[in-house]
Amino acid sequence: MSSGHTLKLNSGHHMDVVGLGTWKSKPDEVRQAVESAIDCGYRHIDCAWVYQNEHEVGAGLENKFKEGKVKREDLFITSKLWCCFHEPDRVRPALMETLKSLKLDYLDLYLMHNPVGYVYVEGNPFPLLENGKMNNTDIDYMETWKAMEKLQEEGLVRTIGVSNFNIEQMARILKEGKIKPAINQIEINPNFTQEPLVDFCQKEGVVVTAYSPFASPDNPSLKDDYKCPLEDATVNEIAKKSG
C-alpha cells in the first residue's frame, strides 16, 4: 500500500517511498497484480525490460486509466535499461520498446540496470561464453549514461538513475556525468545492509532504493544453511508489534 510519504529527487520530482516490484511475477498474473495494487493505493510501480512482463504491466495501467481510478500524473513508473543495450545507439530504442509495452509516453524514472554491459544477441538477454560466464562488453558505462542523459533532456524520462552501482562507480558517474543520478537501486535487507554505500549515496544527495527487502528465499544459488529474514526472531517481533 502507498506509504503516503514521498521523497523529492534531485530532478525535482517526487517519488513514493513504497513501490510494487514486478520481478518474478508469474505470467498472466502481473496485470491483475498491478490493478489490485493501484486499487489498494500503490502509486509507484517498478518494472524492467528484462522481467519480460512490461506488456502485462501496461495492460493493467491502461485499464486503470480507462476506469478513471488514476490519471497518468498520479503514478510514478520506473523501468530499467538492460545490460545488452549499453551501446549508446541502442539506449533510445530500448526505452521506446519499454514505453510501447507500458503504453506510456514517458517514464518517471529510468535506471541503468547494471554497470556492466552484455554483448547484444537478439532474443537472448543473458548471452553466455563457452565457459558459462556472461559475455560482457567493454563498453564504458559512462557512454551509456551520456545516452540516458539525452533521454531526460528530450523529455522521454523525467529522472534517470542507476542500479547495482558500488561506491567507486557512483563516485565516477557523479564526477563525470552532466546529470546527477537521482537513484541508486540496490539490494538491501537485514542480511545485507550495505551501510557504507547507503551513507555515500545519501551524502551525495542520491536516494537509495532497496530491492529484495526480505531477500530472495527462492534464489537457487543460496546455500543450504541460508536463513531467510522472514524467519529472523527480531524481524518477527517487529512485525508483531506493528500488527
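In this report, the structure presented in the accompanying data block is examined. As the structure is a prediction and not an experimental result, all values here were calculated from the model. (Residues numbered from 1 in each chain as written. Predicted model: local features only at pLDDT ≥ 70, side-chain atom pairs only at ≥ 80, totals over all residues. Heavy atoms only, no water.)

Taken as a whole, helix 1 (residues 30-40) has its buried residues at Val30, Val34, Glu35, Ala37 and Ile38. The buried residues of helix 1 occupy an angular sector of 160 degrees when projected down its axis, which confines them to one face. Where helix 1 is buried, its residues touch strand 3 (20-21) and helix 2 (54-67). (Buried < 20%, exposed > 50% of the residue type's maximum accessible area, 1.4 Å probe, protein only. Helix = DSSP H or I, 4+ residues; strand = E, 2+ residues; numbered from the N terminus. Arc of directions from axis to C-beta. Contact = heavy atoms within 4.5 Å.)

This part covers the side chain of aspartate 46. Summarising the element assignment, aspartate 46 is placed in strand 4 (residues 44-46). Residue class for aspartate 46 comes out buried when judged on its relative accessible area of 11%. If sequence neighbours within four positions are ignored, aspartate 46 has contacts with Leu20, Gly21, Thr22, Tyr51, Thr78, Lys80 and Gln185.

What follows deals with the packing of aromatic side chains. Scanning the model with the defined rule gives five aromatic pairs in all. Aromatic side chains tryptophan 82 and phenylalanine 126 sit 5.3 Å apart centroid to centroid with 65 degrees between the ring planes, which places their arrangement in the edge-to-face category. Here tryptophan 82 is found in the loop between strand 5 (76-81) and helix 3 (88-102), whereas its partner phenylalanine 126 is found in the loop between strand 6 (109-112) and helix 4 (141-154), with 44 residues between them in sequence. When its relative accessible area of 42% is taken as the criterion, phenylalanine 126 is described as partly exposed. Measuring from ring centre to ring centre gives 6.1 Å for phenylalanine 85 and tyrosine 120, while their planes differ by 40 degrees; the resulting arrangement is tilted. Placement of the pair is phenylalanine 85 in the loop between strand 5 and helix 3 and tyrosine 120 in the loop between strand 6 and helix 4, with a sequence separation of 35 residues. The buried category is assigned to phenylalanine 85, whose relative accessible area is 7%. For tyrosine 120, a relative accessible area of 31% corresponds to the partly exposed category. In this structure an aromatic cluster arises from ring pairing among Trp49, Phe85 and Tyr120. Over the ring of tyrosine 120 we find arginine 90, and its NZ or CZ is 3.8 Å from the ring centre. (Phe/Tyr/Trp six-rings, centres within 6.5 Å; stacked < 30°, edge-to-face > 60°. Lys NZ or Arg CZ within 6 Å of the ring centre and 35° of its normal.)

By size, the foremost hydrophobic cluster in this structure holds 52 residues, and its most contacted members are Ile77, Leu107 and Tyr110. When near neighbours in sequence (up to four residues on either side) are disregarded, isoleucine 77 contacts Ile45, Cys47, Leu61, Arg72, Leu102, Leu104, Leu107, Asp108 and Leu109. (Core = buried A, V, L, I, M, F, W, Y, C linked by side-chain atoms within 4.5 Å.)

It is worth spelling out helix 7 (residues 233-242) at this point. Of all ten residues making up helix 7, only one are buried, and the element is barely covered by its neighbours. Within two residues after helix 7, glycine 243 carries a phi angle of roughly 80 degrees, on the positive side.

Glancing now at the packing of helix 2 against helix 3. Axes are the key here: two packed helices are described by the angle between their axes and the distance separating the axes. Look at helix 2 against helix 3: their axes get within 6 Å of each other, and the N-to-C directions meet at 45 degrees. Considering the angle they form, helix 2 stands oblique to helix 3. Packed against helix 2, whose contacting residues are Glu54, His55, Val57, Gly58 and Leu61, the element helix 3 presents Thr98, Ser101 and Leu102 at the interface. By residue class, the composition of the contact of helix 2 with helix 3 is three nonpolar, four polar and one charged. (Axes fitted to C-alpha atoms, helices over the stretch in contact; angles between N-to-C directions. Parallel < 35°, antiparallel > 145°, perpendicular 65-115°, else oblique. Nonpolar A, V, L, I, M, F, W, Y, C, P; charged D, E, K, R; others polar.)

The values are spatial; any link to function lies outside them.
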